Amino acid sequence: MRNSTDNKLNTDSQHLTEITSFDIPEQLLKSIAESGFTHCTPIQAETLPISLTGHDVAGQAQTGTGKTIAFLIATYAHLLREQPVEGRKKNQPRAIIIAPTRELAIQIHKDAETLGKYTGLQLGLAFGGTGYDQQRKQLEQGVDILIGTPGRVIDFFKQHIFNLKAIQVMVLDEADRMFDLGFITDIRYLLRRMPSPEKRLNMLFSATLSFRVAELAYEHMNNPKQVVIESKQITADRVEEAIYFPAKEEKIPLLLGLLKDHDVTRTMIFVNTKRVAEDVHGYLIANGYDAGVLSGDVPQKKRSSLLKRF
């Protein structure tokens, strides 16, 4: 099992649908079997019968439910079964997967490498913060599946590094986050430059299928079937929640006290601004804690290093 709980095919006995029960190309079944995956999570069991038969899907599922594997299997299967668009050029990807954050794009790419190692399909990755020339060169050489974040994808698109005229599969992951982060105008810009919805397989996944997400789906997809997987519980079994109401000057002493009392080995602390993050970081270092700051302007190489250390 991989550590990424969001992307695994669950082998829990309560999920009885076997992955081999679906009509999946042999190249994919081989990589799935090598990864030790046997049974589907609910979002996989509900969406794969739809997407594997070429129908659009708008799925609602929380992070940690296996939606990434669901859309990757469908993407690979569609590309393996369908011929490329006639006259397709090397700078025309056949599929595009758009994610709201660079970390998610990197994780999707990692899972795509695992699943696609016997398919012969080339992957491309485009995200901001680092690797501009390397990413550009990769796209110029040609990729079958482009995975990326909206800003960097549009940057390369407007430079005519690639175009979207040969797209056969379109995936939007965490669509609600696209709205929250202000990317939706960019998303619509890209969608309008692809072949019409009925000429491609479209998949949208979101933690909530709100009105604005549903509107996006029905505007740019071909009569998608809606799949909603309700979470049986809001928090995981082993999560204990607590809330404190300290005065401003009491926050740092409270934080340090909690860290000491719980004898923590790994902790994530969320704050609302970069300046506060740096202040909290200073207090932690001064009190002997090995801490790092992760914010929007931290270079990607350092971000990746911090996450790996964590």
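Here the structure is a predicted model, which means the values were calculated and not measured.

Peer 1: So, the side chain of asparagine 202: which residues are in play, and what are the values?
Peer 2: Within the fold, asparagine 202 resides in strand β6 (residues 201-206). A polar atom in the side chain of asparagine 202 sits 2.8 Å from the side chain of aspartate 56. Here asparagine 202 is in contact with Asp56, Val57, Met170, Pro197, His220, Met221 and Asn222, once residues within four sequence places are set aside.

Peer 1: Any details on the pattern of salt bridges? Residues and values, ideally.
Peer 2: The final tally for this structure, using the stated rule, is 11 salt bridges. A salt bridge links lysine 67 to aspartate 173; the nearest nitrogen and oxygen atoms lie 2.9 Å apart. Taken as a pair, lysine 67 in helix α3 (residues 67-81) and aspartate 173 in the loop between β5 (169-172) and α7 (175-180) lie far apart in primary sequence, 106 residues in all. With a relative accessible area of 0%, aspartate 173 lands in the buried category. Sharing partners across several salt bridges, the network here consists of Lys67, Asp173 and Glu174.

Peer 1: Break down the sheet that holds strand β1 (residues 57-60) for me, with residues and values.
Peer 2: Taken in spatial order, the 7 strands make up an open sheet running β3-β4-β2-β5-β6-β1-β7, and their pairing is parallel. Looking at which strands have only one partner, the edges of the open sheet turn out to be β3 (123-126) and β7 (225-228). Across the sheet, the axes of successive neighbouring strands diverge by a mean angle of 10°, strand direction being ignored. The sheet contacts of helix α9 (residues 211-220) involve β1, β5, β6 and β7, and relative to β6 the element is tilted by about 175°.

Peer 1: Could you give an account of the packing of helix α2 (residues 42-51) against α3, with specific residues and numbers?
Peer 2: Across the interface, α2 lies against α3 with an axial gap of 9 Å and an inter-helix angle of 20°. By the angle between their directions, the pair α2 and α3 is classed as roughly parallel. Our pair here, α2 against α3, has a crossing hand that is right-handed. Here Ile43, Gln44, Thr47, Leu48 and Ser51 of α2 come into contact with α3, specifically with Lys67, Ile69, Ala70, Ile73 and Ala74. Of the residues in the contact of α2 with α3, the class split is 6 nonpolar, 3 polar and 1 charged.

Peer 1: Describe the packing of aromatic side chains, with residues and values.
Peer 2: This structure, assessed with the given rule, holds 4 aromatic pairs. Between phenylalanine 157 and phenylalanine 162, the aromatic rings sit 5.8 Å apart at their centres with planes inclined by 65°, giving edge-to-face as the arrangement. One aromatic cluster is present, built from ring pairs that chain together Phe157, Phe162 and Tyr189. Between the NZ or CZ atom of lysine 30 and the centre of the ring of tyrosine 118, over which it lies, the distance is 4.3 Å. In this arrangement the basic side chain of arginine 266 is found over the ring face of phenylalanine 310, its NZ or CZ atom lying 5.3 Å from the centre.

Conventions and cut-offs
- Residues numbered from 1 in each chain as written.
- Predicted model: local features only at pLDDT ≥ 70, side-chain atom pairs only at ≥ 80, totals over all residues.
- Heavy atoms only, no water.
- Helix = DSSP H or I, 4+ residues; strand = E, 2+ residues; numbered from the N terminus.
- Polar contact = N/O pair within 3.5 Å; in protein donor to acceptor, adjacent residues only side chain to side chain.
- Contact = heavy atoms within 4.5 Å.
- Salt bridge = Lys/Arg side-chain N within 4 Å of Asp/Glu carboxyl O.
- Buried < 20%, exposed > 50% of the residue type's maximum accessible area, 1.4 Å probe, protein only.
- Pairing = 2+ DSSP bridges.
- Axes fitted to C-alpha atoms, helices over the stretch in contact; angles between N-to-C directions.
- Parallel < 35°, antiparallel > 145°, perpendicular 65-115°, else oblique.
- Left-handed = near helix turned anticlockwise from the far one by under 90°.
- Nonpolar A, V, L, I, M, F, W, Y, C, P; charged D, E, K, R; others polar.
- Phe/Tyr/Trp six-rings, centres within 6.5 Å; stacked < 30°, edge-to-face > 60°.
- Lys NZ or Arg CZ within 6 Å of the ring centre and 35° of its normal.

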